[in-house]
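# A closer look at the structure
Chain by chain, the residues:
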Amino acid sequence: MKVLAAGVVPLLLVLHWKHGAGTPLPITPVNATCATRHPCHSNLMNQIRNQLAQLNGSANALFILYYTAQGEPFPNNLDKLCGPNVTDFPPFHANGTEKTRLVELYRIIAYLGASLGNITRDQKVLNPNALSLHSKLNATADILRGLLSNVLCRLCNKYHVAHVDVAYGPDTSGKDVFQKKKLGCQLLGKYKQVIAVVAQAF
Amino acid sequence: MALFSVSQTAFLLAFLSLRTYQSEGLSEPLPWAPESLKVSVNTTCQCLHLQWTVHNLAHHQEFRMVFQIEISRIKTSNVIWVENYTTTVKWNQVLHWSWESKLPLECAKHFIRMRSAVDAAKTPGPRVWSSWSSWEEADVQNSLGQDPLFIFPKDKLVEEGSNVTICYVSKSHQNNISCYLEGVRMQGEQLDPNVSVFNLNHVAFIRETGTNIYCKPGQGDGIKGTVLFVSKVLQEPKDFSCETQDFMTLNCTWDPGSDTGLLKQLSQSYTLFESFSGKKTLCKPKSWCLWQVAPESQDMYNFTLTAENYLRKRSVHLLFNLTHRVHPMAPFNILFKNVSATSATMTWKVHSIGKYYTLLCQVELYGEGKVTQHNVSVKVDGAHLFSGLEPDTEYLAQVRCANGDYFWKWSEWTHQNFTTAEAAPSEAPDVWRNVKTVQGRCVVTLFWKPLSKPQAHGKILFYNIVIEYLDRTSVSEVLSIPAPASGTELPLNQCSSQIRITASNSVGTSPASVLVVSREPGNEEVEEERVKGTEDGFPLSWNPQPRHVTGYLVEWCEQPRDPPCDLQWKNLGPNVTSTVVSSDAFRPGVRYNFRIYGISTERVPYLLARKTGYSQELAPSDNPQVVMTNLTSHSFTLSWKNYSTESQTSFIQGYHVYLKSKAGRCHSGSEKAVLSDDVVCCKYKIDNPEQKTFVVENLQPESFYEFLVTPYTSVGEGPHDAFAKVTTPDEYSPTLIRILLPTVFCILLIMITCYLKSQWMKEKCYPDIPDPYKSSVLSLIKSKENPHLTIMNIKDCVPDSIEVLNKQEGTRKSLTETESTKPTYLYLLPTEKRYSSPGPCICFENFTYNQAASDSASCGHVPVPPKAPPSQLGLLTSPENLLKALEKNYMNSLGEIPAGETSLNYVSQLASPMSGDMSNLPTNPPEPALCSEYKMQMAIPLGLASPPSSGSSSLSSITLLDEGEHYH
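Residues numbered from 1 in each chain as written. Chains lettered and ligands numbered in written order. Predicted model: local features only at pLDDT ≥ 70, side-chain atom pairs only at ≥ 80, totals over all residues. Heavy atoms only, no water.

### Focus: the overall build of chain B
- Looking only at helices and strands, chain B features ten helices and 55 strands.
- Here chain B holds 968 residues, and 39% of them are scored as buried.
- Accessible surface for chain B amounts to roughly 54700 Å². Of this, 53% is attributable to carbon and sulfur atoms. (Helix = DSSP H or I, 4+ residues; strand = E, 2+ residues; numbered from the N terminus. Buried < 20%, exposed > 50% of the residue type's maximum accessible area, 1.4 Å probe, protein only. Areas by Shrake-Rupley, 256 points an atom, 1.4 Å probe, with all protein chains shown as cover.)

In structure tokens form, the structure reads like this:
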């Protein structure tokens, strides 16, 4: 596990404030106790679907805003610089059971949340004047946080899953500026692609 | 110490002698050669860092040595850098040296070696070098990783205008890699099969977020890039200055120049250092800094302002005496005391800068378009007296101060307005008059110009007029006209009078203007002269007067066309005989009249000259309204008497009469002219502008002509717009008219007479009811053709009869069916003797009745009261009377005669009985008669009429018409 970015750590601390926060979470045994911080919403799955649809609706605009702000050569070389070749992105199987899909969704959201935190931090430095991009990144991160909480509620209440092993993308803090731009673009390209599949699956 | 120096020199000489001996004989290496050479790479600064030691140095031994360092690139034989590094070497010392490569160190291997020599610059002879160290390699490429393509340097920060070398390292051995800077392809050179370099000269600042440089291979999608951060060059602070307002703080300011802030570099910072006190402060603002003045007396300050960023540092210095940098605060509390019409005292306060300092204050006064300036020395409070001011005038006073002992800077201005008091008007109003006589009485209209502000010295409230009659027979009159009136009309009791006009404000009265009105009208018969206006106005001149005059006056109207004349005048001195009258109100094409008066010593004006002219003459815009008279077959007369030559846009010099004709010939007195539309016509010229009639002669009868009368002036003639048309009459037409007109008149007279006597004519020629006795025709016939023919006597005619018949029940229905609701007119000839003997009879048709009868289109079964007396029947000749009578009588008869038993039936005297048995009629009178029509009465020749049967006296009518003869 690489060193987590400064923007990711607070996010994870908030999401996993319980004992064991900051370490990979194993899938809880079925008989383990599962407690959520707040009572879950009655219509949880519907909320999850709506949040996924909201993310899916804004993903392309976020992608365009991002690569436009990076300047040439990004807008004209999307396939080479922003292709969705993120090797360690968590998999998703749309034909799996709901529990499997929820677990995979949890991993994806955790991965995306951390990566989006890195991108937001980098872009505030690299493009301090791209305010609309910053706004869109923050809005997406907010929805992801809510979605993660809802998925965790669902997993906990229905399937008694309190801990899920998650993985995070590479930390970009030590990378050069061009590499930061490229990794962010690739991640958002992947996000746009994956969120469409996930939203369709639910 | 001296002993040590001597021994060291002796040692060195001995060493050099020994070294020379060894090099010549044994060739052994120098004992102080560099050893343990280590090379490290710092890719951030692209630096090679060397460290080494020198052995065999004795304890506390020091030598100044020279180290020659060689750097090769790619291979050892390719030496790219040689440098001699001189330093003092001590025992057991680790030496360091760094070198910054322009080429990123990742792009190529570097090799470094060195040798040393004792620095013997003071000693003659060649330098003795140690042997070279072995080559040390600096290779970063091995640690790059497994990516197929790399670009260096990463995120390099350079200044604008510097040169940068970029390279890429390809591990996939591709040759077709292209690199771009902001989308523009760069041309590079190949360093080795896997490395190419690109030299960017004078890089420009593009944006704060950096410039993207990227390379992409011909195949695959491995685009790699780097960002080059180009910073603006840090500039030296300009206009660095410090000053104090209160000896408490120093305010230092400067111009920072452009900001060098970037993503990779913060904006430059500024530090202020004072060398005497040794204090230093970091200035957060970029262009100013506050420095606390030391409480102890420090007069001199030596400041160093340092601007610094990641790449560069720049400093400026400032040395000054604090008392020479005093910039006082603006004065305050300005007051004005003792403000009169011509003077005022201004006072103000200043912020103290210490009791040992004197301030120099500058006072400025703005008013009436002038500026006055005064300098005043001030300790605490300042005061200044303004004198020679204008009454009732607003002034602006302002004051600023500076250090009086050593001038550095003025303070900001502090200003205040004040207004002087009013005074009595200083000048008499400029007055002129217009005298006219109304019903034998002199009426003077006075005009005056408002006093200017410098003359009025306040707001004018009244104009006072005093009329003094010169013959002293009348009492003087005093009038007061409220301002802002500019004139008044005064009826005078006597013409000879003197009028004095003064203006008053709240303080006093102005001197008087005196006008003398004389009964003599003046020289009104002065001939008018023309004057030509220019751009500057109207130049007027007149002859100097032999008698003494106190001055001249020119008067004119600025709006001469309209009734409001707007009288203007200009007073001139007694020695002036010319002037130029100018006004913004003068317009081109307007005629202005000027009258020049001389003012006698008795203040009586008399007319000297009259001038008239235009500021600019314009061509006439309208043509006269022409009336054509006296049209004959050979001539006509044109007249435009209503055309005023005075109110035109230029002086009328005459008229042109244009005449167009088909013949196109011009007679004497005219000339051919070609108009703007290429039409040729004849032009007659009238040179006298007052001649406003013209006779066009030598015309052809029955010919069509067009004519136009237009004025001409020095600037052109009127428009050639609408030609009037005329056709000359036939030559004989007047004669014919002389015959035809009386004839037509006579015919009309006869017709009118006939119309008026139509009744008489009708009775004479075609009466409605011809009177045979009055018919001359018949008498003529009678006398010439048939002496036996006579006029039928009405008593000889067979009259119609009305019979009362008994109506059968069975026939009533059919009778009702045939009845018409339309009244049927009945004509009954009056008769006194029925069944008279037959005789010759002539009857005239009654068309009125006949028409009514025919309209009925049915049988005329009109119930008629039986035995109507002849007199009553005579009244029934009118249809209305007849109807009324019939209705009345019919109702009466209905009341007397039972219905169905009797009815009235009309039997024409000419209708043939339906039944052949005539004897039945008299014997059966109640028998209802069948339908019979009223026939026209006819004249029946005596020979054709059969005599009525004596045995059938009840026969009422008989058909006597022959088939061959009809009378109508």
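### Some points on the overall build of chain A
- Of the regular secondary structure elements, chain A holds six helices and zero strands.
- The N-to-C order of helical and strand elements in chain A reads α-α-α-α-α-α.
- Looking at chain A as a whole, 50% of its 202 residues are labelled buried.
- The contacts in chain A between residues at least 6 apart in sequence include a share of 81% that link residues at least 24 apart.
- When the accessible area of chain A is evaluated, it comes to approximately 9200 Å², of which 56% is carbon and sulfur surface. (Contact = heavy atoms within 4.5 Å.)

### Side note on the interface of chain A and chain B
- Contact with chain A, which involves 17 residues of that partner, is made by 17 residues of chain B.
- In total, chain A and chain B occlude about 1500 Å² of area from one another, counting both sides; carbon and sulfur atoms represent 55% of this.
- Its largest share of buried area at the contact with chain B, chain A owes to Glu72(A), Lys80(A) and Phe178(A), together 37% of the area lost on that side.
- Along the contact surface separating chain A from chain B lie one salt bridge. (Buried area = accessible area lost by both parts, 1.4 Å probe. Salt bridge = Lys/Arg side-chain N within 4 Å of Asp/Glu carboxyl O.)

### Considering the packing of aromatic side chains
All names here are of chain B.
- Considering all chains together, one arrives at 35 aromatic pairs over all chains under this definition.
- Taking the centre distance of 4.8 Å and the plane angle of 50° together, the rings of phenylalanine 538 and phenylalanine 594 count as tilted. You can see phenylalanine 538 sitting in strand 39 (residues 538-541) and its partner phenylalanine 594 sitting in strand 43 (residues 591-600), a full 56 residues away along the chain. Here the two residues phenylalanine 538 and phenylalanine 594 agree in accessibility, since each one is buried.
- Relative to phenylalanine 651, the ring of tyrosine 614 has its centre 5.0 Å away and its plane inclined at 85°; by these criteria the two rings are edge-to-face. One end of the pair, tyrosine 614, is in strand 44 (residues 605-614); the other, phenylalanine 651, is in the loop between strand 46 (636-639) and strand 47 (654-661), with 37 residues separating them in the sequence. Judged on exposure class, the residue tyrosine 614 and its partner phenylalanine 651 are both buried.
- When the ring centre of tryptophan 408 is taken as reference, the NZ or CZ atom of arginine 325 above it lies at 4.4 Å.
- Sitting above the plane of the tryptophan 569 ring, lysine 449 keeps its charged end 4.9 Å from the centroid. (Phe/Tyr/Trp six-rings, centres within 6.5 Å; stacked < 30°, edge-to-face > 60°. Lys NZ or Arg CZ within 6 Å of the ring centre and 35° of its normal.)

### Some thoughts on the state of the cysteines
Residues and elements named next belong to chain B.
- For the structure shown, the criterion picks out ten disulfides over all chains.
- The disulfide partner of cysteine 45 is cysteine 47, and the S-S distance across this bridge is 2.4 Å.
- For cysteine 45, a relative accessible area of 28% gives the class partly exposed.
- Judged by its relative accessible area of 13%, cysteine 47 falls in the buried class.
- Across the disulfide from cysteine 107 sits cysteine 167; the S-S distance is 1.5 Å. Its S-S torsion of approximately -75° makes the covalent link between cysteine 107 and cysteine 167 left-handed. In this pair, cysteine 107 is assigned in the loop between strand 5 (94-100) and strand 6 (110-118) and cysteine 167 in strand 10 (residues 164-170), connecting sequence segments 60 residues apart. (Disulfide = S-S within 2.5 Å.)

### Observations concerning unusual backbone geometry
- In this structure, Pro73(A) follows Glu72(A) across a cis peptide bond, with omega equal to 15°.
- Note on placement: Pro73(A) falls in the loop between helix 2 (44-70) and helix 3 (78-81).
- In this model, Ala483(B) is joined to Pro484(B) through a cis peptide bond whose omega is 10°.
- Locating Pro484(B) in the fold gives a position in the loop between strand 34 (477-482) and strand 35 (487-491).

### A short note on the pattern of salt bridges
- Taken as a whole and assessed by the stated rule, the structure comprises 23 salt bridges over all chains.
- Residue Arg312(B) pairs with Glu159(B) through a salt bridge whose shortest N-O separation is 2.4 Å. With a gap of 153 residues between them, Arg312(B) in the loop between strand 22 (300-308) and strand 23 (313-321) and Glu159(B) in strand 9 (residues 157-159) connect regions that are remote in the sequence.
- In this structure Arg312(B) comes out as partly exposed when scored by relative accessible area, which is 31%.
- Linking Lys313(B) and Glu308(B) is a salt bridge whose minimum nitrogen-to-oxygen distance equals 3.8 Å.
- One network of salt bridges, in which partners are shared, links Glu98(A), Arg154(A) and Lys158(A).

### Description of the nonpolar core
- The biggest cluster of nonpolar side chains holds 63 residues, and the ones touching the most others in it are Ile48(A), Val151(A), Leu155(A) and Leu188(A).
- For this core, the elements supplying multiple residues, two or more each, are helix 2, helix 4 (98-126), helix 5 (131-159) and helix 6 (177-201) of chain A together with strand 16 (224-231) of chain B.
- Residues contacting Val151(A), with those up to four places away along its chain left out, are Ile48(A), Leu102(A), Leu105(A), Tyr106(A) and Ile109(A).
- Among the nonpolar cores identified, the runner-up in size contains 43 residues, and Cys242(B), Val326(B), Val376(B) and Phe386(B) belong to it. (Core = buried A, V, L, I, M, F, W, Y, C linked by side-chain atoms within 4.5 Å.)

### Description of the sheet that holds strand 44 of chain B
Residues and elements named next belong to chain B.
- Ordered by their spatial adjacency, five strands build an open sheet running 38-44-43-40-41, and the pairing between neighbours is mixed. Across the chains shown, the open sheet's two edge strands, defined by having one partner strand only, are strand 38 (528-532) and strand 41 (567-572). Taken over all neighbouring pairs, the strand axes of this sheet differ in orientation by 25° on average, direction set aside.
- As defined by bridge partners, strand 38 adjoins strand 44 across five bridges and the pair is classed as parallel. Residue pairing in the sheet places valine 531 in a bridge with glycine 613 of strand 44. (Pairing = 2+ DSSP bridges. Axes fitted to C-alpha atoms, helices over the stretch in contact; angles between N-to-C directions.)

### A few points about the packing of helix 4 of chain A against helix 5 of chain A
Residues and elements named next belong to chain A.
- Viewed as axis vectors pointing N to C, helix 4 and helix 5 meet at an angle of 155°, and their least axial separation amounts to 9 Å. As summarised for this structure, helix 4 and helix 5 are arranged roughly antiparallel, according to the angle between their axes. Taken as a pair, helix 4 and helix 5 cross one another with a handedness that is left-handed.
- Here the contact of helix 4 with helix 5 is composed, by residue class, of 19 nonpolar, six polar and five charged. (Parallel < 35°, antiparallel > 145°, perpendicular 65-115°, else oblique. Left-handed = near helix turned anticlockwise from the far one by under 90°. Nonpolar A, V, L, I, M, F, W, Y, C, P; charged D, E, K, R; others polar.)

### Describing the confidence of the model for chain A
- Here chain A averages 82 in pLDDT, while 82% of its residues score no lower than 70.
- Contacts from residues 1-32 of chain A, a stretch scored under 50 in pLDDT, to residues over four places away or in other chains number 47 contacts. (pLDDT = per-residue confidence, 0-100.)

### Let's talk about the pairing of strand 1 (residues 34-42) of chain B
All names here are of chain B.
- Taken together, the seven bridges between strand 1 and strand 2 (residues 47-54) define a ladder with antiparallel strand orientation. Looking at strand 2, one finds that asparagine 42 is bridged to cysteine 47.
- As consecutive antiparallel partners, strand 1 and strand 2 are separated by four residues, and within that stretch glutamine 46 has a phi angle of approximately 55°, a positive value.

### Quick look at the side chain of Arg400(B)
Residue and element names in this part refer to chain B.
- Note that arginine 400 resides in strand 29 (residues 394-403).
- The buried charged residue arginine 400 lacks any salt bridge, with glutamate 364 as its nearest oppositely charged partner at 5.3 Å.
- The contact partners of arginine 400, leaving out residues within four places of it in the chain, are Pro331, Leu360, Cys361, Gln362, Trp410, Ser411, Glu412 and Trp413. (Lys, Arg positive; Asp, Glu negative; His and termini not counted.)

### Comments concerning a nonpolar patch on the surface
Residues and elements named next belong to chain B.
- A surface patch of nonpolar side chains, about 1100 Å² in accessible area, is lined by Tyr732, Leu736, Leu740, Val744, Ile747, Leu748, Met751, Ile752, Tyr755 and Leu756.
- Within the element layout of this structure, isoleucine 752 appears in helix 3 (residues 733-756).
- Judged by relative accessible area, which is 47%, isoleucine 752 ranks as partly exposed. (Patch = residues over 30% accessible without salt bridge, like charges linked within 9 Å, V, L, I, M, F, W, Y side chains within 5 Å.)

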